[in-house]
Amino acid sequence: MPRSRSPRVVGLALCFGLIGCYTGGAPQGEETASTGEASTGEASTGEASTGDGSGSGDESGDVSTSAADTGVDADSDDTTTTGDPTTSTTEEPTTTTDDPSTTSTTGEPEGYCAPTADWQAGWSALEDEVVTIANQRRAEGANCGSEGSFGPAGPLKMDPLLRCAARMHSKDMVDRDFFSHDNPDGESPWDRIAKTGYGGYSGAGENIAAGSATAAAVIDQWMNSDGHCANIMNPAFNWIGVGYYPGGGYGHYWTQVFTQK
């Protein structure tokens, strides 16, 4: 009988297929990321990192990561989870729109999220499919190897601000040719979440990946990595943002952002 995991920040182990794990609590502590060797076209894994969200994630190898990021080339690199130290808790997300591609009540992305205004419909469809498949896996429960077995969990709901954070990171990785939870300016996953205006969450995580051309393939990437799998299956997470952007050295870049609210 699979045991249900408690909604705590956990240490993430080796990820399968160039993946990285990045987890933590509220961004006030220290966090270390694990790295794997970069590779393309083949799945490789990096070691998952744990922390409280104050540190930066580091990943290498393939492009999939759990909880905090996924790398390039259908692999995951590392996962992170963190809380938002700059906001107070609220019960609902900070937007009233039903359109996950927008960040304001008017339906038009503003400020930090403005570059997502012309997101292509095909990219959006892939992002929606990632959520659908992730929720199917959550409903079934899963064995995440060293992270333990997870029982069935409730569905994740797409939030437009988290979607913005995920899209902006995937786009940035393509535009500036890097693969990491932290961008070249040192901006972390929780920094990006804060830039969207999203707040009131008690825990968060990010997965990144690269190389996979389909939603099903990238989910398999993440689910085959213990840390990434644990982020997807974490019953404490109830909100998600997904960002897909084509191009770059691996052809396809993916980011998942999770929060507990």
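Scroll up to find the structure.
Residues numbered from 1 in each chain as written. Predicted model: local features only at pLDDT ≥ 70, side-chain atom pairs only at ≥ 80, totals over all residues. Heavy atoms only, no water.

A. Broad picture of the side chain of Glu206. Assignment of secondary structure puts Glu206 in strand β9 (residues 203–210). In terms of polar contacts, Glu206 uses its side chain to reach the side chain of His181, at 2.9 Å. (Helix = DSSP H or I, 4+ residues; strand = E, 2+ residues; numbered from the N terminus. Polar contact = N/O pair within 3.5 Å; in protein donor to acceptor, adjacent residues only side chain to side chain.)

B. Structural detail: the pattern of salt bridges. Counted according to the given criterion, the structure contains 9 salt bridges. Between Glu127 and Arg167 there is a salt bridge whose closest N-O contact spans 2.8 Å. With a gap of 40 residues between them, Glu127 in helix α1 (residues 121–140) and Arg167 in helix α2 (residues 160–175) connect regions that are remote in the sequence. In this structure, Asp175 engages Lys171 in a salt bridge whose closest nitrogen and oxygen atoms are separated by 2.7 Å. Residue Asp175 and its partner Lys171 are located together in helix α2, separated by 4 residues, close to a single helical turn. What emerges from the salt-bridge pattern is a single network uniting Glu127, Asp128, Arg163 and Arg167. (Salt bridge = Lys/Arg side-chain N within 4 Å of Asp/Glu carboxyl O.)

C. Just unusual backbone geometry, in detail. The phi dihedral of Asp177 is positive, around 55°, even though this residue is not glycine. Looking at where Asp177 falls in the secondary structure, it is placed in the loop between α2 and α3 (189–196).

D. View of the state of the cysteines. Under the defined criterion, the tally for this structure stands at 2 disulfides. Two residues, Cys113 and Cys164, share a disulfide whose sulfurs are 1.9 Å apart. Its torsion about the S-S bond being -100°, the disulfide of Cys113 and Cys164 is classed as left-handed. Taken together, the positions of Cys113 in the loop between β5 (80–81) and α1 and Cys164 in helix α2 put the pair 51 residues apart, joining distant regions of the chain. Side by side, Cys113 and Cys164 carry an identical accessibility label, which is buried. (Disulfide = S-S within 2.5 Å. Buried < 20%, exposed > 50% of the residue type's maximum accessible area, 1.4 Å probe, protein only.)

E. Structural context of the pairing of strand β11 (residues 251–260). Most of β11 sits out of view: 7 of its 10 residues are buried. Direction of pairing for β9 relative to β11: antiparallel, over a ladder of 8 bridges. Looking at the pairing, Asn207 lines up with Gln256 of β11. Where strand β10 (residues 239–247) lies against β11, 9 bridges are found, and the strand directions are antiparallel. Bridged to Tyr245 within β11 is Tyr253. The turn joining β10 and β11, which pair antiparallel and follow one another in sequence, is formed by 3 residues; a positive phi near 75° is taken by Gly248. (Pairing = 2+ DSSP bridges.)

F. Representation of the nonpolar core within the structure. If you look at the biggest cluster of nonpolar residues, it comprises 37 residues, and the most contacted ones within it are Val130, Ile219, Trp222, Ile232, Met233 and Trp254. Of all the secondary-structure elements, those providing two or more residues to this core are α1, α2, β9, α4 (215–223), α5 (226–233), β10 and β11. Among the elements that take part in this core, α1 stands out by supplying 6 residues, more than any other. Setting aside its immediate chain neighbours within four residues, Val130 contacts Ala215, Val218, Ile219, Trp222, Val242, Trp254 and Gln256. (Core = buried A, V, L, I, M, F, W, Y, C linked by side-chain atoms within 4.5 Å. Contact = heavy atoms within 4.5 Å.)

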